[in-house]
Structure formats: structure tokens, C-alpha cells
Amino acid sequence: MSSNLLDKGYEPKGVEQYWYEFWEKEELFAASEISDKKSYSIVIPPPNVTGVLHMGHALNVTMQDILCRYRRLRGDNVLWMPGTDHAGIATQNVVEKKLAADNTDRHRLGREKFIDAVWEWRNQYGSAIINQLKRLGASCDWKLERFTMDEGLSLAVRKVFVQLYKEGLIYRGNYIINWCHRCHTALADLEVEYEEIDGHLYHILYPFPGGSGGIIVATTRPETMLGDTGVAVHPDDTRYQDIKSSTVILPILNRQLPIITDNYVDMSFGTGALKVTPAHDPNDFEIGKRHGLPEIKVIDDDGKMTPEAGKFEGLDRFECRKALVKALEDSGFLLRIEPIKHNVGHCYRCKTIIEPNLSKQWFVKVKPLAQKAIEAVKNKSTKIVPEIWTTTYYEWMNNIKDWCISRQIWWGHQIPAWTCESCLHLVVAMESPSTCPKCGCGNLAQETDVLDTWFSSALWPFSTMGWPEETRLLKTFYPTSVLVTGFDILFFWVARMMMMGIHFMDDVPFKDVYVHALVRDEDGKKMSKSKGNVIDPLNIIDKYGTDSFRMTLAVFAAQGRDIKMSEKRVEGYRHFVNKFWNAARFALMHLNKNHSELKFENMSLPDKWILARLKNVTDIVSDAIDSYRFNDAASALYKFVWHELCDWYLEAIKPCLYGHKGEDKKDAALSVLQRVFHDVLILLHPFIPFVTEEIWHKLPGTEGSIMKSVFPADDSGFKSLLCDLTSEPKMDIIMDVIAGIRNVRGEMNIAPSASLNIILHSDKDSVRNTVCDNEDIIINLAGLKSIEVEKPGLRPKKAATIVIGDAVIYILLEEIIDFSREKERLEKEIAKLKNETATLVKKLNNEDFLKKAPDDIIEKVKDKHKVAIEKQQKLISNLDKIKSIEIEL
RNA sequence: AGGCACGUAGCUCAGGGGGAGAGCGCUACCCUGACACGGUAGAAGUCGUUGGUUCAAAUCCAAUCGUGCCUACCA
């Protein structure tokens, strides 16, 4: 790294590791607890401690890193708080699998030893995902890394639980919850994924007692009939108005069931009669409550039938279904089996079919909390970007139901509730009580359930900063500036953080929520292990480098659209990184000393022009990042670097750099070159941090890390970049002339090596002057021998004609002119222009247009018309000339 | 069942009431003293379909078709 010269191709491998270690060593990611600077903070959405880096993380983290690096460059005191969550069910599953491999299980170990085993696992493997985040270049303040099971965060969980309980916002009760038999725990409604599967609708006769006939019910889960405690029909259903009996007999078990009427029943479905199983269906549970029906649990927590199931006791729920259907068939009660597609809930962790089950669980009463969270978005205390997601947010918040927070697993925050063994009094407290406050008994048993992982995640924005202590970190950085996340956890996490943040901090947890898209495979399908279409970000990084990968993500991260990712895309942006690298290589070849002072007085047109463009791209980039339009920022930089800096500026100043125009001009160009690279490195740094840091250290006039530099827009000299308002229109003329000549070269098949003589006619002094002043650039870039600039006069014979703006260019082609080709070319162009003028004429002939359209538009159309006509005339007269010359010859 | 988003060049997409854009791919030519991961030029689109509003619609509205997603207790 001592040489000032760069290698011919950019090789990211060693570079990335070197600079990442450098940044960490120099503590450049560190936030200050107290600072005069403006605070900017982000808490990372904590990845699961069991997780491995996937595309979703990569996108999410890249965006946060862009924001954080950008805000640091703008002088903010930035906190990016990293960490992981303990992922109760997932982690417990992982460790249980490991135990199974060792031929043991958690019950044999016992709770305490099992928890030790989980900690051991986490200490050994828990930092894997963190190290992977580092490979992305994530500039988190790692010294502050948090874990939801840390002591401090656990204290926060406990405090929140106790307070909510005291406020009546947490309660315990027997309700229908979603039960996963495999994970052996309750799940929140959100944690159930519905999937349409092919099932059967069983029509079963429930006969009237004694007499003939009965009521036919239909069900997809016949085994639950064993727990039926009623049959419901709609009160208005005429089919059931005249029934004499008030009960039916439940087949097999021969239990009498009352016939009840309830508005819930859908008359149009099946027979309009519904079997009611309060212990195994959420709706039936509600109906049961309304009508005082008993709740009979027939499936236990292992998915086996209970003694209430009679002779089916002990059977697995699906075995029971088979046996029961057989029994019904044999006894003639099963009338029909109809195939049906229906939605069935599955566990989001293990995909097991969920059983609605009656169970004693802990719940958060969410309505009162949700109200304020809705309000906060309505009054813009928190802004959701893109705005479209606010609708989804409201929709969910308005229909929110109580949140089941207890889980029947061991890994997690054990609920701080104790039951007195003698008087059954329930105590909820911060500390374990030694005696029952009611009866004084010393035997209290702690609730064995733990809390949902999301319960602790909901506190993340303030628990990570030390709450319930009143820390400096909280004072400086809460509320956080923005939360960056995918829409898939808008409800799981964002909504709950909003509720908890507002309730406990009396302020929203974040000012903005930026909701980004999903990363899909190249066919637009969701990546999943089972489909085998996952792209491993680490593979991509190994192959193409982090910078290329990040640039790809940024360019494709358009708001509201998912990203289709493929290696080919990344390859394209590796080319960009390489292009930039080589441009820098070129610049550094010439910048062998510091030229930090801009030499305005000796600047050429391209010098002034590129400075103006630099200012322009700086404005675009800051605007775009400020409004989370990462793709606009990245695209603008791509375009500037490749198509303005490399294509035009570097090419234009080459003669100057080689000293063909004197030392003063060269010094001026070098000062511009250095400034442009200095600034564009900073602009690019948030997107491609490694390569920019690498080049930065070779660029004269820089000191220390690029991370400590000042964003160009905040530099006192920023406005002076636009030192000549005419530089852009003038440069446009030069570029048009060059492009016009190149175009003819191509179309007329003129060898690239042939250097041409041209004559340029224009009646505008300004055009002639601009061209004269910069003729060396045109000569160089268009491959000319000479250029003559004149007022319009006689047309040269044997020439190809180009009309651009206010000038006509003749390419003298004494030997090589091919008249038929030139005729063809001119005719084609004239035809194009005719089309264009036709539509313009139509507009100008339309009286309504002239009457109603705004003046500036009319002016514009008139102008365009005039230009097109003039150009057309010039081309036509040249075409005529060619024809007459051809005849002469 | 309800809601949302998206249909623009071969592919991926940007744009968003007054001149159809980019990248990749493709074609031709070029190893020109940063770069072949490169350069120069070129071809290519009825802006899903049908109506409506407007002087003017790819853009706004309605319907329709297609695609994807989210929410929901239809047994």
C-alpha cells in the first residue's frame, strides 16, 4: 500500500479486511454519549442469534450503513446500535436437536442445566451472524452490542411486564390460542401462517333423540366432534324453524347436544348447521361463551386424544380422524365426503399444523396501547416511508386483538409471576417474593412459562440504551432517527415497538420508519431453502467484493418494488467499481503532488463544466438519501462517474495533462481533477466504503480516514463549484459537435484512423467562439486534422453534412465521399424531422391548444417547430447540393 | 372474501399531463499512452387492453385482463 500507483484491476479481498480492521481500531464507528453535534441514531433490527446472513439482512444492513456513514460525513453524532435477539423457539429447537444427537433431551437435563447449555451454545455460535454483518461493512458501534437476554435488557422486560400487569394491561386467562404440538407451546396469532391445502368436508348426521331425522353438520376436522357441546343454526334460517326437538345426539359418544341459534352461523354454507366445539375452535369458543356451553378438551398438548374422547383416547389427532371417520361410516352417520380447499394454519417456525386449543395463557390487552400508536402516525410523530404502508399499519392496528405472550418453553424471560401453593394467590413482582402477601405462606411457585421473544424485541429501542436507568445514551439518542426494516415484520415488531415506546418512554421510538422491499431470486420468487433458490450473500461478497454487492443493492432499491437479485447484476456493478478504480488510477498517475487549491483563473471549459456537474450530483445525492431514495442517489453517482467524469472530462483534459497546453492550464486541470476525486470519493463512500477508503489514502491532500472527511455540500467552497453559469450550455455544444461527427463516422463507415477536415458554419458569434476556444478538444475527441470556423457561406463540395443546434458542420470527404450513402443518411434524417414537425404543426393549428394551453408550453412548441423546420431546410438544401454535384460529376 | 401493488425496448427497471429513458443484452467497428470488467457508434417500444376527463394522456379516472403480495374465524 505504499506505492501511489494502483493495480490495473481492483482486487477487493485484502482491501476490505484491512480497512474494516482499521476502522474498528480507530473507533470510527463509536457514538459519543454527549456531544455538541446533532444526534442521529438507528437501532438495528436484531437478527436471530441462530441466524445466518441472508439477502434480507444484506439489503437491510446496507441501507442502514449508507444512512449512518452519510450522516457521519454530514457531521452528526451517529449511534448505530447492534445486537441480536434470543429467538426463544428457534434457539431452543437448535439446542434440543443438538441434545438429541447426544442421546439426551431437555427434560432429562432439567431446566437449569438446559438453560446453561443454551448459553454455552450462544457463546460459541452466537457471534456468527455479527461477523457476517461486518463483512458487509456495517459500521455499528460494536462496543455497545446487545442481546435480548442480557441482564439489563432482561430487567427492562421484567419491569415492563410488572407495570403492564399492575395497569391491568396484562392478564392471564383461559382462552383459545394457537398451539404447536411440535414446539409444544402457544403461539401468537401472527405466528401462524395460513396455507391453502386440499382437505375434505365431512357431512355428519346428528340424529334427534328418539325420533327419526336429525341435523346434518359439516366439518373439516371430524375428530373435534368428540368435544362438541352444541349445534348452532341461524335464528332466521327457515329450514330449522319447525324443529320440535331442542337437542340432537352426538354420534359415537351419544351425548345430548343443545340446538342453539346464533347470528354467527352462515346460512349459505353447507346445511346451515354448525357443530360447536368451544375448546378447539376460536369461533366456537365465542359462541360457547355466549350460550354457556361447556368446554370439553379432547386433544391434549401433545396432539393426542384425551380421556374425554372415549375409546379414541391416546390416539394421535390425525390417527383419530381416520378411526373416527371409519366408525361414522360403519354406523351410517357419515353421509358424504366432499373435497374442499381450505386454509390451514401452520407454525411459522416448524410448519406443523396448528391446533386451536383451550389453554391458560398470558395476554397483553393491546387496544389501549394501539390507540396511541395509531395517533402517533396520524399526527406524523412517526413518518412511515413509503407512505403506502401507513394504510397497512392502520388496518392492522384498528383490528388488533389481544396478544398471547406466554410460551411453554424454557429459553427466554421467565414470567415474573408466582402462585402461592396454599392460597393460590397470584403475585406479580420484580423480585421473587419470599412469602405470600395474602396468607404469609412461604411456598410460592414461579410461573414456568417464558415470554414471547417479540415481547423483549418490542422494548429494543430503549432497552438497548439502558432503560429503565435514565442513561445519557437515552437522553442523547432516544427517540431514534429511523427504523429500517422489511414490511414482513411491520406488525411483528414495528407496531409493537410503537406501542411500548409510547407507553414507557412517552415518546415514539423512531421519527421515521423506512420500509424496504424483499430480495427475491431472478425470477421474482421468494428465496427459500426448500426451493433451493437462495443466493448466499457471503458467496457474492467472496466473488465480487462487498462494494459491488452494496452498489447493486442500492441501485435496485427503488421504493415499493422488490429486488430481483442475480449474480449477473452484481457482476455489472463490479464493472462500475473497476471503472472507478481505473479512473482513480489514471488521476493518481498525474496527481503527484497536492493541488488542493482550485485555480479558477486558468480553468478550461471542461474544468468548469465538471465542477458544475459535481455540484449537481452532490445535490442529487444528498436530496435522495435524505428521502430514502437510495436508487436515485446510486444511479446519479453511477451516471456522473461513468458518463460525465470518465467519458468526457478525463478524455477532454488528457492533452492538457500531457502538457500540450502549458503549465498553468495543467495546474488548473490538476486542481480540478483532485477536487473532483476528493469529493466524489466522499459521495461514493456510503455506498462503496472499502474502495473509496483505499483510494482516499493515495489521493494527495487527504489525511486519515475518509470517514472523518466533510461532505462536499458542507464545505465552505461548495457554492464556488458553480463558477461559470455558461459552462454547461457551452460544453453541451462541444459534446454535440463531437457526437455529430462521430455519428457520421460510424454511419459512413469511415475508418477510426482517418483524421478528417471539417468546416463549421454558424451565424451565432457565441457558438463560433465556443467552438474556436475549444477546438483542440473537438480535434482530439472527434479524430480531426483541422477545423475551420466561419460565418455561413458557400457549402463545400464533397462533404457530409451535420446540423446541430445553431451550426452546420461539413465533413470534407474529398476521397472518401460515398454520395449514395450520404444521400440515404440525409433522407433518413429529413424523414424523421418531417414526422416531428407534422405533430408540432398539428398542435399549432389547433385553436383550442392556442387558446387553452399555458403560454410557456405554446412558446416551447413554437420554438421546437422553428428549430425543426430550420434544421430540415438546411438538410434539404444540402441534399439538393449533393444531388447537383453528383450530376456535375 | 377484502385490501394493496405492479404490467414501459429481448431482460431488469426508472420516469409520471405537453419532446419515449437507463443499465444489461444485441449488431458493427476499434488492443487510441486509466480501464477489453474497456471505447465509439447503431438497431430496438401502439408505455397490458378498452373506454372516459382534457386543447393535450405512457402519465389522471373507470372498467377489464394478467401477475405478485398482504390481511381474514366461513365450519
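As the structure is a computational prediction, the values presented were derived from the model and not from experiment.

Q: Give me empty space enclosed by the protein: which residues, what numbers.
A: Per the stated rule, a full pass over the model turns up 4 cavities of 30 Å³ or more. Size it by volume and the largest cavity reaches roughly 130 Å³. What lines the largest cavity is a set of 18 residues, among which G88, I89, Y348, D452 and T453 lie closest to the centre. Elements that contribute at least two residues to the lining of the largest cavity include exactly helix 3 (88–101), strand 21 (450–451) and helix 12 (453–457). Broken down by element, the lining of the largest cavity gets its largest block of residues, 3 residues, from helix 3. Residues that form the lining of the largest cavity fall into these classes: 9 nonpolar, 4 polar and 5 charged.

Q: Before we move on, could you go through helix 11 (residues 388–398) and cite the residues and values that matter?
A: Residues of helix 11 that are buried: T390, Y393, Y394 and M397. The buried side chains of helix 11 occupy one side of the element, clustering within an arc of 95° when seen end-on. Of the exposed residues in helix 11, those oriented more than 90 degrees away from the buried face are I388 and E395. Where helix 11 is buried, its residues contact helix 10 (367–378), strand 15 (383–385) and helix 15 (490–505).

Q: Tell me what's going on with the nonpolar core, and back it up with residues and numbers.
A: Counting 211 residues, the largest nonpolar core has F455 and I741 as the members making the most contacts within it. Considering every element that reaches this core, the biggest residue donor is helix 20 (residues 630–657), with 17 residues. Of the residues that make up this core, three or more belong to each of domain 2 (566–702) and domain 3 (726–811). In this view, I741 contacts L756, I758, I778, A782, L784, I802, I809 and I811; residues no more than four positions away in its chain are not counted. Counting 27 residues, the second largest nonpolar core, distinct from the first, contains Y202, V217, V248 and C320.

Q: A description of the packing of aromatic side chains should follow, citing residues and the corresponding values.
A: Following the criterion strictly, the structure yields 36 aromatic pairs and no others. Relative to F363, the ring of Y171 lies with its centre 5.5 Å away and its plane at 20°, an arrangement referred to as stacked. Pair noted here: Y171 is in strand 5 (residues 170–180) and F363 is in strand 14 (residues 355–364), with a separation of 192 residues, a long-range link. For Y171, a relative accessible area of 21% translates into the label partly exposed. With centroids separated by 6.0 Å and ring planes inclined at 45°, the aromatic side chains of W403 and F455 adopt a geometry described as tilted. A residue pair is termed long-range when its members are at least 10 positions apart, and W403 in strand 16 (residues 403–404) and F455 in helix 12 qualify at 52 residues. On the basis of relative accessible area, F455 is assigned to the buried category, the value being 0%. Feature note: the residues F161, Y165, W362, W403 and F455 constitute an aromatic cluster, connected by ring pairs. Between the NZ or CZ atom of R69 and the centre of the ring of W23, over which it lies, the distance is 4.3 Å.

Q: I'd like to hear about the sheet that holds strand 11 (residues 255–261), residue by residue, with values.
A: Read from one edge of the open sheet, 4 strands run 10-11-9-12, paired in mixed fashion. Both edges of this open sheet fall to strand 10 (247–250) and strand 12 (273–276), since each of them pairs with a single strand only. Recorded for the sheet is a direction-independent mean angle of 30° between the axes of neighbouring strands. Here 4 bridges tie strand 9 (residues 230–233) to strand 12, and the two strands are oriented antiparallel to one another. Its bridge partner lying in strand 12, A232 is registered against L274. Strands in contact with helix 8 (residues 282–291) are strand 11 and strand 12; relative to strand 12, the strand with the most contacts, it is inclined by about 85°.

Q: So what about the layout of surface pockets? Which residues, and what values?
A: By volume, the largest pocket amounts to about 2,100 Å³. Taken together, 48 residues make up the lining of the largest pocket; nearest its centre are N48, H54, H57, R349 and D488. Sorting the residues of the lining of the largest pocket by element identifies helix 2 (55–73), helix 3, strand 22 (480–486) and helix 15 as the ones contributing at least two each. By residue number, the principal contributor to the lining of the largest pocket is helix 2, which donates 5 residues.

Q: Describe a negative patch on the surface, naming the residues involved and giving the relevant values.
A: Together, E597, E601, E663 and D664 line one region of the surface with negative charge. Within the fold, E663 resides in helix 21 (residues 663–684).

Q: Mind laying out the protein's contact with RNA strand B, listing which residues take part and the relevant values?
A: In the neighbourhood of RNA strand B, 50 residues make up the surrounding shell, with D266, F269, R561, K852 and P854 lying closest. A share of 61% is what sugar and phosphate atoms reach among the atoms of RNA strand B within 4 Å of the protein. Within the side chain of N743, a nitrogen or oxygen atom sits 2.6 Å from a phosphate oxygen of RNA strand B. The side chain of N846 places a nitrogen or oxygen atom 2.9 Å from a sugar or linking oxygen of RNA strand B. Broken down by secondary-structure element, the contributors of at least two residues to the surface near RNA strand B are strand 8 (214–219), strand 13 (334–347), helix 18 (567–590), helix 20, helix 23 (727–747), helix 27 (847–852) and helix 28 (855–888). A breakdown of the residues in the surface near RNA strand B according to their chemical character gives 21 nonpolar, 11 polar and 18 charged.

Q: Provide a residue-level description of helix 10, including the pertinent values.
A: With 12 residues, helix 10 should cover 16 Å at 1.5 Å per step; its first-to-last C-alpha distance of 16 Å lies within 8% of that length. The complete set of buried residues in helix 10 reads L369, A370, A373, I374, A376 and V377. With its buried residues spanning 160° around the axis, helix 10 presents them on a single face. Pointing more than 90 degrees away from the buried face of helix 10 are the exposed residues K372 and K378. Packing partners of the buried residues in helix 10 comprise strand 14, strand 15, helix 11 and helix 15. Phi turns positive, to about 65°, at K380, one or two residues after helix 10.

Q: Can you lay out the side chain of S457 for me, pointing to particular residues and giving the numbers?
A: Here S457 shows up in helix 12. Look at S457 and you get buried, because its relative accessible area is 1%. Setting aside chain neighbours within four positions, we find S457 in contact with D85, W493 and M497.

Q: Tell me about the domain arrangement of chain A, and please be specific about residues and values.
A: Looking at the assigned domains, one finds that chain A contains domain 1 (192–356), domain 2 (566–702), domain 3 (726–811) and domain 4 (818–889). With centres defined by C-alpha atoms, the gap from domain 1 to domain 3 works out at 87 Å.

Q: Please provide a residue-by-residue account of the pairing of strand 14, values included.
A: When you tally the buried positions in strand 14, you get 9 out of 10 residues, the bulk of the element. Where strand 5 lies against strand 14, 10 bridges are found, and the strand directions are antiparallel. Counted as the bridge partner of Y171 is F363 from strand 14. Looking at chain direction, strand 14 and strand 16 are connected through 2 bridges and run antiparallel. The residue bridging F363 from the neighbouring strand is C404, located in strand 16.

Q: Which residues make up the side chain of S762, and what values do they have?
A: In this structure, S762 sits in the loop between strand 26 (756–761) and helix 24 (765–773). A polar atom in the side chain of S762 sits 2.7 Å from the backbone oxygen of D806. Those residues within four positions of S762 in sequence are excluded, and the remaining contacts are V767, R768, E790, K791, P792, D806 and A807.

Q: Kindly report on the pattern of salt bridges, identifying the contributing residues and their values.
A: All chains considered together, the criterion is met by 41 salt bridges. Put simply, D105 and R108 hold a salt bridge, and the shortest N to O gap is 3.8 Å. Judged by relative accessible area, which is 63%, R108 ranks as exposed. Linking E822 and R825 is a salt bridge whose minimum nitrogen-to-oxygen distance equals 3.0 Å. In this pair, E822 and R825 both sit in helix 26 (residues 819–845), 3 residues apart, roughly one turn of the helix. On the basis of relative accessible area, E822 is assigned to the buried category, the value being 0%. On the basis of relative accessible area, R825 is assigned to the buried category, the value being 6%. By sharing partners, the salt bridges in this structure join R221, D281, R317 and E355 into a single network.

Q: How would you explain the sheet that holds strand 29 (residues 807–812) if you had to name every residue and give the values?
A: As summarised here, the arrangement of the 4 strands in space is 27-26-29-28, forming an open sheet in which the pairing is mixed. Here the strands that pair on one side only, and so sit at the sheet edges, are strand 27 (784–790) and strand 28 (799–804). Ignoring strand direction, the axes of neighbouring strands in this sheet form an average angle of 20°. The pairing of strand 26 with strand 29 spans 5 bridges and is classified as antiparallel. Opposite L760, over in strand 29, you have I809 as the bridge partner. Seen against the sheet, helix 24 touches strand 26, strand 27 and strand 29 and runs at an angle of roughly 155° to strand 27.

Reading the values: rules and limits
All residue numbers here refer to positions counted from 1 along the written sequence of the relevant chain. Numbering of ligands from 1 and lettering of chains from A proceed in the order in which they are written. Side-chain atom pairs in this predicted model are given and counted only at pLDDT of 80 or more, local residue features only at pLDDT of at least 70, and totals for whole chains, interfaces and linings cover all residues. Computation of side-chain values: all heavy atoms of the structure, hydrogens and water removed. With a 1 Å grid laid over protein atoms only, a set of points is called a cavity when a 1.4 Å probe fits there but cannot get out and a pocket when it is open yet has protein on both sides within 12 Å along at least five of seven lines; lining residues have an atom within 4 Å of a point. Grid points are joined across faces, edges and corners, and a volume is the space filled by probe spheres set on the points. Numbering of helices and strands starts at the N terminus; helices are DSSP runs of H or I of at least 4 residues and strands are runs of E of at least 2. Three residue categories are used. Nonpolar comprises Ala, Val, Leu, Ile, Met, Phe, Trp, Tyr, Cys and Pro, charged comprises Asp, Glu, Lys and Arg, and polar comprises the others, including Gly. Accessibility here uses a 1.4 Å probe with only protein chains present; expressed as a share of the type maximum, an area under 20% marks a residue as buried, one over 50% as exposed, and anything in between as partly exposed. The arc in question is the one traced by the directions running from the helix axis out to the C-beta atoms. By definition in these notes, contact holds between two residues if any of their heavy atoms fall within 4.5 Å. To form a nonpolar core, buried Ala, Val, Leu, Ile, Met, Phe, Trp, Tyr and Cys residues must be joined to one another through side-chain atoms within 4.5 Å. Start and end positions for the domains come from either an automated domain assignment or a database one. The criterion for an aromatic pair is that two Phe, Tyr or Trp rings (for Trp, the six-membered ring) have centres within 6.5 Å, with stacked assigned to planes under 30 degrees apart, edge-to-face to planes over 60 apart and tilted to the rest. Only lysine NZ and arginine CZ atoms are considered, and such an atom sits over a ring when it is within 6 Å of the ring centre and within 35 degrees of the ring normal. We call two strands paired when DSSP finds no fewer than two bridges between them. Here an angle of 0 to 180 degrees is reported between the N-to-C directions of two axes, which are lines fitted to C-alpha atoms, with helices fitted over the stretch in contact. Patch criteria: residues need more than 30% relative accessible area and no salt bridge. Like-charged residues are merged within 9 Å; nonpolar side chains of Val, Leu, Ile, Met, Phe, Trp and Tyr are merged within 5 Å. Methods summary: accessible areas were calculated by the Shrake-Rupley approach with a probe of 1.4 Å, and residue burial reflects only the protein chains presented. What makes a salt bridge here is a side-chain nitrogen of Lys or Arg within 4 Å of a carboxyl oxygen of Asp or Glu, nothing more. Counted as positive: Lys and Arg. Counted as negative: Asp and Glu. His and the chain ends are not counted at all. To locate a charge, take NZ of a lysine, CZ of an arginine, CG of an aspartate or CD of a glutamate. Working definition: residue near molecule or strand if any one of its non-hydrogen atoms lies within 4 Å of it. The term polar contact refers here to a pair of N or O atoms within 3.5 Å; inside protein, the definition further demands a hydrogen-donor-capable atom paired with an acceptor-capable atom, and it admits residues adjacent in sequence only when both atoms are side-chain atoms. For a helix, the expected span equals 1.5 Å multiplied by the number of residues minus one.

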